[in-house]
Amino acid sequence: MPRAIIRAPMPVLTDPIPNPSAAGLRVDYRHAPLDSLLADPRLLAVFGFGVDAAASHADPRYLHVALPALGSPPHECWLVDGDVQRGRDRGIAWSTGGGLQFCALEVHDDGDIETAAAQAYQRLQAWLAESRHPHVLRIWNYLDAITSGDGDDERYRRFCVGRARGIGREIPAHLLPAATAIGHPQPTGRFQLYWLAAHSAGTPLENPRQTQAWRYPRQYGPQAPGFARAMLPPADAAMPLLLSGTAAVVGHASQHGDSLAAQLDETLANLDSLIAIARTQRPALAAHFGAYSRLKVYVRDATSMQRVDELLRERLPDGTPRIVLQGVVCRRDLAVEIDGVHA
């Protein structure tokens, strides 16, 4: 059964509830000083990657993701229509504007990822229970040693158990968010969780090439993952399609364990399939990746990052923006995963 997500506490906000159709989000990759990006009153959130990015900032809209990057990556910027309010409350950094809310929290991980995930998702649930933005569209989870441990003791499996425990109830499939779960290649001692929520619900999408994650058989652990393959934003919202972390999985089985290039091709086929499904409801979406897409590419082995970037250069249209990161995929036989947005 699907188990996954949410409802939130509202810090004291004066943000009026707008017409849901007014919600808008633009994701951009920008090479610019962090302080100049934070000066934009429309900035909902900004993310830094790699060792050269700022580790922290007083502004709660900034978040550092502790994944090494290929080259000098840009900042990832989320921009909305209208001014943004922001603050910190109960250990959660938040910002809100244009019918959307960004939130982030971290939990200490002393090796018990099940407990860390349960604590994080309990806090998320409490936040959503009081929020004007109760509908989570997209979630990112970053954790240490994601594939360490054997059998049901593997940390990703324990994370799935902890996430379900923290949520504390079954979530119907039509309420599941899009999501990513990626492992840090080096220990950080923390579990990082951030999300995008809205006044109005989106439409979760599934991929006909893949088994729904919440229906995975028992061989993948005692608790099936709780997420949708993509999220179509609220009707009439000026927002891109939100793509979950996607890898070379067909049905529920990993493919091409002996070939990085073949895994990448299978991953792109899955993403093409999701775009095709989304276009049946939003035909204005571009049929293929291009200049209006923003991709994050997670590569298990640092030595393969350059090769993955070269393969993508051959396979994607010129001008398709992407950030290549070293991140550990949740199955040991998967070498690469891609998430992102597409308009």
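Residues numbered from 1 in each chain as written. Predicted model: local features only at pLDDT ≥ 70, side-chain atom pairs only at ≥ 80, totals over all residues. Heavy atoms only, no water.

(A) Structural view of the layout of surface pockets. What the largest pocket holds in volume is close to 490 Å³. Lining the largest pocket are 30 residues, and of these Tyr156, Tyr216, Cys330, Arg331 and Leu334 sit closest to its centre. Elements with a minimum of two residues in the lining of the largest pocket: α3 (155-167), β9 (178-184) and β13 (241-246). The biggest single contributor to the lining of the largest pocket is α3, with four residues. (1 Å grid on protein atoms, 1.4 Å probe; cavity = no way out; pocket = protein on both sides within 12 Å on 5 of 7 lines; lining within 4 Å. Points joined across faces, edges and corners; volume = space filled by probe spheres on them. Helix = DSSP H or I, 4+ residues; strand = E, 2+ residues; numbered from the N terminus.)

(B) Representation of the side chain of Arg300. Residue position: Arg300 is located in the loop between β16 (293-299) and α5 (305-315). Here the side chain of Arg300 touches Val329 through a polar contact of 2.9 Å, landing on its backbone oxygen. Side-chain polar atoms of Arg300 contact the backbone oxygen of Arg331, separated by 2.6 Å. Every residue in contact with Arg300, bar those within four places of it in the chain, is listed here: Thr147, Gln326, Gly327, Val328, Val329, Arg331, Arg332, Leu334 and Ala335. (Polar contact = N/O pair within 3.5 Å; in protein donor to acceptor, adjacent residues only side chain to side chain. Contact = heavy atoms within 4.5 Å.)

(C) Quick look at the packing of helix α4 (residues 260-279) against α5. Their axes nearest at 11 Å, the elements α4 and α5 cross at an angle of 50 degrees. Relative to α5, α4 is oriented oblique. In terms of crossing hand, the pair formed by α4 and α5 is right-handed. Together, Leu260, Ala261, Leu264, Asp265 and Leu268 of α4 and Arg307, Val308, Leu311, Leu312 and Arg315 of α5 make up the contact between the two elements. Of the residues belonging to the contact of α4 with α5, the class tally is seven nonpolar, no polar and three charged. (Axes fitted to C-alpha atoms, helices over the stretch in contact; angles between N-to-C directions. Parallel < 35°, antiparallel > 145°, perpendicular 65-115°, else oblique. Left-handed = near helix turned anticlockwise from the far one by under 90°. Nonpolar A, V, L, I, M, F, W, Y, C, P; charged D, E, K, R; others polar.)

(D) Structural view of the pairing of strand β4 (residues 75-79). Judged by how many residues are buried, β4 sits mostly within the fold: five of five residues are covered. Neither face of β4 is open: one carries His75, Cys77 and Leu79, the other Glu76 and Trp78, and all of them are buried. Across five bridges, strand β1 (residues 26-30) lies against β4 in antiparallel orientation. Bridge pairing in β4 links Val27 to Trp78. (Buried < 20%, exposed > 50% of the residue type's maximum accessible area, 1.4 Å probe, protein only. Pairing = 2+ DSSP bridges.)

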